[in-house]
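One letter stands for each residue in the lines below.
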Amino acid sequence: MSSYSKEVIADLVAGTLPWPQTRRVMSAYKDDDRFFKYVAVLQDRVEWKDPILLPVSDHLFICQSGDERVTKCECGHSFGDYRKNWKLKAHIIVRDTEESLREIYPNSDLPDPEWMEIREFICPECGTLHEVEAAAPGYPIVHDFEPDLEGFYRDWLKKPLGGE
Amino acid sequence: MLDKPASTLRIRERLLESERLMEETGCYDGITELELRNQDPLKFETLHTKLRAYCVSAREMARRISASPGVREVGEMVVAIYTPEGDAIALSNGIMVHVHTMSRFIKWMIRNGYEDNPCIRDGDIFANNDAFIGTVQVPDVMDVVPIFHSGKLVGWAGAVCHELEAGGITPGGDVALAQERFTEGLFVCAEKVGENDELRRDYVIRCERNLRMPIYWVLDEKAKVASCIDMRESVKALIDEVGLDYWMKISKEFIEEGRRAQLARSRQLTVPGIYRGHTFYGHVTAGKPGYQPLGDPDWLYNMPIEMEITTDGKIIMDFEGTQPWGFHSMNCTPAGMDGGMFVTLTQHMNFEGLVNDGAWMATELKLPKGTWTNPDSEMAATATSWALLLPAYGVFQRLLSRSFIARGFVEEAFVGQVNSPMIEMGGTSQYGTLFGMAHFECAAAGSGALAIKDGLDTAYVGWNPESDMGNIEIWEQNMPMLYIGRSIVPNSGGAGKYRGGCSFLSTWLVSKTDHLRLVTSEHSSRVFDNGGMCGGYPAPTCQKHRAVRNSNIFELAGKGAPLAHHTGTNPHRSELELRLEGEHVTVEGPYITAPHKTGDVFTHSYNGGGGYGDVLERDPVKTAWDVENGFLTKEAAEGVFGIVLDEDADGFPVANLDATKRHRAGMRAERLAKARPVSDWIASQRSRVEAAAFAPEVKKMYASAIKLSPRFTKDFSDFWQVDAKAAFGVE
Ligand SMILES: [Zn+2]
């Protein structure tokens, strides 16, 4: 089975691994030790110490923060209990006018703001755009992911959950 | 291990027994142990590879028989080998969505007593394009032949081609105007169409007299039958070699192995839990000629999906909360939904090992009765079911991708597929003959971005992983239109750290005809029908059609004056308007109008995919390349991505890294200043929701979802803290 160095995984995650090598990673059998190497790469990237338990987006991680498990932005901002929808604790920009939609789509035909709006979920601390929803006005905000964190560590990783 | 030599049961009883065994043991056909694989793994793998080779070579051979540019040029065909009960053992490349729909077709015949009447005999050919029996849409015509060995039914060989003309109310196969089954075209409902390896003459005559362009369908039939016979003979020779009992046993083990491999792969690549996403599709037909007043002319559909990955690796997809089926051509049968699942899994998880129906058995689809995913009337039309199926499975791809990202397999994360709008046509050809055709250059859309790089430009569609737009010269031979442009559409991928793949736009001059009907479908109106991921934006997929009637193009060409070759980047004034005189038309939604004639100009654009990641993280150097090559406009680079471009001595764009850094810092600050807490926004929206102060189509969408789904009602009520039923006047 395949296995890669932490450096290779770091480059892969950063999108800087040269394409021929990336291609080989894509075509090869998967490396079963990926998860913890990946988490180690991400842990090196962040400036805080809370152990990452599960990445859930490009810059969002579930981590062990004292006794709590929270969803955290890469900048360190906490969105609270990981079982709750982090979006509800985020900041938002809603594009529901032709003018505001035009800023993102300068050269295309636009949706009808009466039928669809673009919602941008932003970290209130660092301004990272974490997620975009395109939804009809009035559509409830989606809770994208509720991981079975306990089941994942217990049954699949066969490792204790919760840091050290 | 249950030991079953070639069964003496009749096939219907055998099918029921197989289902019962699966129910009891949880394993396909009760195979709790892979005995033959354990005995000799090398032989096991070799035999499956042989079966796969039979399929691939049969398909390639058949493509040379077909006359249709759909099959010859862009490979709209797939073939597969099945067990006697109709489960796929091995398949070719191509439109893999149909491997499982064909399985449904075979099982349908078995369940409906075909063994007694019309009888299943060696040399018989059965055909079907009825989606409620087992296919996606009327142009997907499938042929299967039984495989007999030593007097016993030992399997089936099957082949599907997507026909370019199906004889419906509008020309082509994705019959856009069909609002009921009765306008979709020529139906072949699990019919015995041939005996002794030959198509029946009366069946061919029926095709010839009911299609606008019978040569495509009829020669495709011959191609399919040839490929089925080829596979059948190969399988028989293989059985001569390995023995009948061995074949009966190993063919089943292949499937059980496929099922186990799928579960193992979920455990290897994903994270268990619940994933959610949604997309929308808008349809606008008010005032268009030909639409019957059967339902609302304009409507909006929501497509919410909840996916659960259980700790044993099973993937469950639930469509609860989506819209009812309607009097339009975009409904989908459970067979089509299954097919969508199958083709998506083959691309995302089953990229190695034994690909077959086993993978599908490790999944479950929950399709609420009465919705477009599972109509409770078999008169519902499904001719353009891809219009909803593709966006829905695009959501599935994003949900799966979230799990790959969580697990660390970022190279597999893929924002996914988009709808690929189709143009179809009919009338009088450039040769003066009757013709009809679906134009299949749509098989080359832009893909969604990946989590580590930009999406594929004009090189991906969900339904046929071997994406191909075909050669212009071949298409021009088959229709009375000449290309005056085929170009990349700038900014057509969703913006993001990695942008979605771009789409292209074709511009045609209608030529040598006085009667050309042009019809388009699978184009969402007023809403984007795709999404981005992790901060990426959706692709702009609600483009309008632009055309010019009675243009002065011949006059301009005579003078050597510049012509329009695309619509340009000004959404308010197209290149057509700038360069051509004539009657300019802009049409929203499906293009259904009076026939065109020589001298008219028509444009049609395809879709790009959604973006991945925050736009402010996009690489400025790559962006300069994108602008130079027409994938992004300079305007978008600066306004959307915050990338300042200068020009080098030759006038080519180069990224100004310092200015970009400053500009982006300003954009980030502006973002933070503009954004407000989500809780404030929710509070500000609540009264609007309570008053249901929405456009009529939006209001109707909520009312329909609330009526059909208790879960949607509860989620909606809980989220807004309103009584959803009261707000939307639902009893
Ligand atoms: Zn942050």
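No experiment lies behind these values; they were computed from the predicted model shown. (Residues numbered from 1 in each chain as written. Chains lettered and ligands numbered in written order. Predicted model: local features only at pLDDT ≥ 70, side-chain atom pairs only at ≥ 80, totals over all residues. Heavy atoms only, no water.)

Colleague: It is not clear to me how the overall build of chain B should be interpreted in this structure. Could you clarify?
Modeller: Regarding its fold elements, chain B presents 23 helices and 22 strands. For a compact globule of 731 residues, the expected C-alpha radius of gyration is about 27 Å, and chain B comes in at 26 Å, within 12% of that figure. Each principal axis of the C-alpha distribution contributes one length, and for chain B these read about 75 × 60 × 60 Å. For chain B, the share of sequence-separated contacts (at least 6 apart) that also reach a separation of at least 24 residues comes to 73%. Summing over all exposed atoms, chain B offers an accessible surface of approximately 23900 Å²; the carbon and sulfur share of this is 51%. With 75 positive and 97 negative side-chain charges, chain B shows a separation of 2 Å between the mean positions of the two kinds. (Helix = DSSP H or I, 4+ residues; strand = E, 2+ residues; numbered from the N terminus. Rg over C-alpha atoms; globule rule 2.2 N^0.38 Å. Contact = heavy atoms within 4.5 Å. Areas by Shrake-Rupley, 256 points an atom, 1.4 Å probe, with all protein chains shown as cover. Lys, Arg positive; Asp, Glu negative; His and termini not counted. Charge placed at Lys NZ, Arg CZ, Asp CG, Glu CD.)

Colleague: Would you take a moment to explain the interface of chain A and chain B for this structure?
Modeller: Interface size is often expressed as the accessible area that is lost when the parts come together. Residue-level contacts link 81 residues of chain A with 95 residues of chain B. Both sides together, the interface formed by chain A and chain B hides about 7200 Å², and carbon and sulfur atoms give 60% of it. It is Asp109(A), Trp115(A) and Trp156(A) that lose the most area in chain A upon contact with chain B, and together they represent 14% of the buried surface on that side. At the junction of chain A with chain B, the criterion picks out nine salt bridges. Measuring nitrogen to oxygen at the nearest pair gives 2.9 Å for the salt bridge that ties Arg546(B) to Asp109(A). Our enumeration of links across chain A and chain B arrives at 38 residue pairs in polar contact (both at pLDDT 80 or more). A per-element tally of the side of chain A that touches chain B places strand β7 (residues 129–135) of chain A first, with seven residues. A class-by-class count of the residues in the side of chain A that touches chain B yields 45 nonpolar, 13 polar and 23 charged. Where strand β5 (residues 91–95) of chain A meets strand β22 (residues 676–677) of chain B, two bridges bridge the pair, whose relative direction is antiparallel. Across the sheet, residue Ile92(A) finds its bridge partner in β22(B), namely Arg676(B). (Buried area = accessible area lost by both parts, 1.4 Å probe. Salt bridge = Lys/Arg side-chain N within 4 Å of Asp/Glu carboxyl O. Polar contact = N/O pair within 3.5 Å; in protein donor to acceptor, adjacent residues only side chain to side chain. Nonpolar A, V, L, I, M, F, W, Y, C, P; charged D, E, K, R; others polar. Pairing = 2+ DSSP bridges.)

Colleague: Is there a simple way to explain a negative patch on the surface in this structure?
Modeller: A grouping of Glu628(B), Asp646(B), Glu647(B), Asp648(B) and Asp650(B) is seen on the molecular surface, where their side chains present a negatively charged patch. Looking at the secondary structure, you find Glu647(B) in strand β20 (residues 645–647). (Patch = residues over 30% accessible without salt bridge, like charges linked within 9 Å, V, L, I, M, F, W, Y side chains within 5 Å.)

Colleague: Help me understand the nonpolar core, please; the structure alone is not making it clear to me.
Modeller: One recurring pattern in soluble globular proteins: nonpolar side chains tend to sit buried together. Among the nonpolar cores identified, the biggest contains 209 residues, and Leu54(A), Phe440(B), Tyr702(B) and Phe728(B) are the most heavily contacted of them. A total of 14 residues in this core trace back to one element, the largest contributor, which is helix α13 (residues 386–407) of chain B. With sequence-adjacent residues up to four places away left out, Phe440(B) is seen in contact with Val74(B), Glu76(B), His162(B), Leu164(B), Met422(B), Trp463(B), Asp468(B) and Trp475(B). Core analysis: the next-biggest nonpolar cluster, separate from the first, contains 58 residues, Ala90(B), Ala159(B), Cys228(B) and Ile250(B) among them. (Core = buried A, V, L, I, M, F, W, Y, C linked by side-chain atoms within 4.5 Å. Buried < 20%, exposed > 50% of the residue type's maximum accessible area, 1.4 Å probe, protein only.)

Colleague: Before we go on, may I ask you to explain the sheet that holds strand β10 (residues 315–318) of chain B in this structure?
Modeller: Hydrogen bonds between backbone atoms are what pair the strands of a sheet, whose relative direction is either parallel or antiparallel. If you walk across this open sheet you meet the five strands as β8(A)-β8(B)-β9(B)-β10(B)-β11(B), and the pairing is mixed. Two strands lie at the open edges of the sheet, namely β8 (145–147) of chain A together with β11 (363–366) of chain B, each paired on one side alone. Taking each pair of neighbouring strands and ignoring which way they run, the sheet shows an average axis angle of 15 degrees. Pairing of β10(B) with β11(B), which is carried by four bridges, proceeds in the parallel orientation. Note that in β11(B) the partner of Met317(B) across the bridge is Leu365(B). (Axes fitted to C-alpha atoms, helices over the stretch in contact; angles between N-to-C directions.)

Colleague: Whenever I open this one, the coordination of the zinc ion confuses me. Can you help?
Modeller: Six octahedral donors around a metal ideally sit at 90 or 180 degrees from one another, while four tetrahedral donors ideally sit at 109.5 degrees. Around the zinc ion, the protein supplies Cys73(A) (SG), Cys75(A) (SG), Cys123(A) (SG) and Cys126(A) (SG) as donor atoms, at distances of 2.2 to 2.3 Å. Given four donor atoms and angles of 106 to 115 degrees at the metal, the environment of the zinc ion is assigned as tetrahedral. (Donors = N, O, S within 2.8 Å, 3.2 Å for Na, K, Ca; no water. Tetrahedral: all angles 85-135°; square planar, octahedral: opposite > 155°, others 65-115°.)

Colleague: Please explain the packing of helix α1 (residues 6–14) of chain A against helix α3 (residues 34–45) of chain A as it appears in this structure.
Modeller: Working note: a packed helix pair is described by the angle between its axes plus the distance between those axes. Residue and element names in this part refer to chain A. It is the contact of α1 with α3, at a shortest axis distance of 9 Å, that shows an interaxial angle of 70 degrees. Accordingly, the angle class assigned to the pair α1 and α3 is roughly perpendicular. Where α1 crosses over α3, the handedness of that crossing is right-handed. Across the interface between the two elements, Lys 6, Ile 9, Ala 10, Leu 12 and Val 13 of α1 pack against Arg 34, Lys 37, Tyr 38, Ala 40, Val 41, Leu 42, Asp 44 and Arg 45 of α3. (Parallel < 35°, antiparallel > 145°, perpendicular 65-115°, else oblique. Left-handed = near helix turned anticlockwise from the far one by under 90°.)

Colleague: When you look at the layout of surface pockets in this model, what are you seeing that I'm missing?
Modeller: Empty space among the atoms becomes apparent when a probe as large as a water molecule is rolled across them. Put simply, the largest pocket is a space of about 950 Å³. Residue lining of the largest pocket: 28 residues in total, with Met26(A), Gln347(B), His348(B), Phe351(B) and Glu412(B) positioned closest to the centre. Looking at the lining of the largest pocket, the elements with two or more residues in it are α2 (19–27) of chain A together with α11 (334–348) of chain B. In terms of residue count, α2(A) provides more of the lining of the largest pocket than any other element does, four residues in total. Both of domain 1 (11–260) and domain 2 (395–400 + 414–605) of chain B provide at least three residues apiece to the lining of the largest pocket. (1 Å grid on protein atoms, 1.4 Å probe; cavity = no way out; pocket = protein on both sides within 12 Å on 5 of 7 lines; lining within 4 Å. Points joined across faces, edges and corners; volume = space filled by probe spheres on them. Domains from an automatic or database assignment.)

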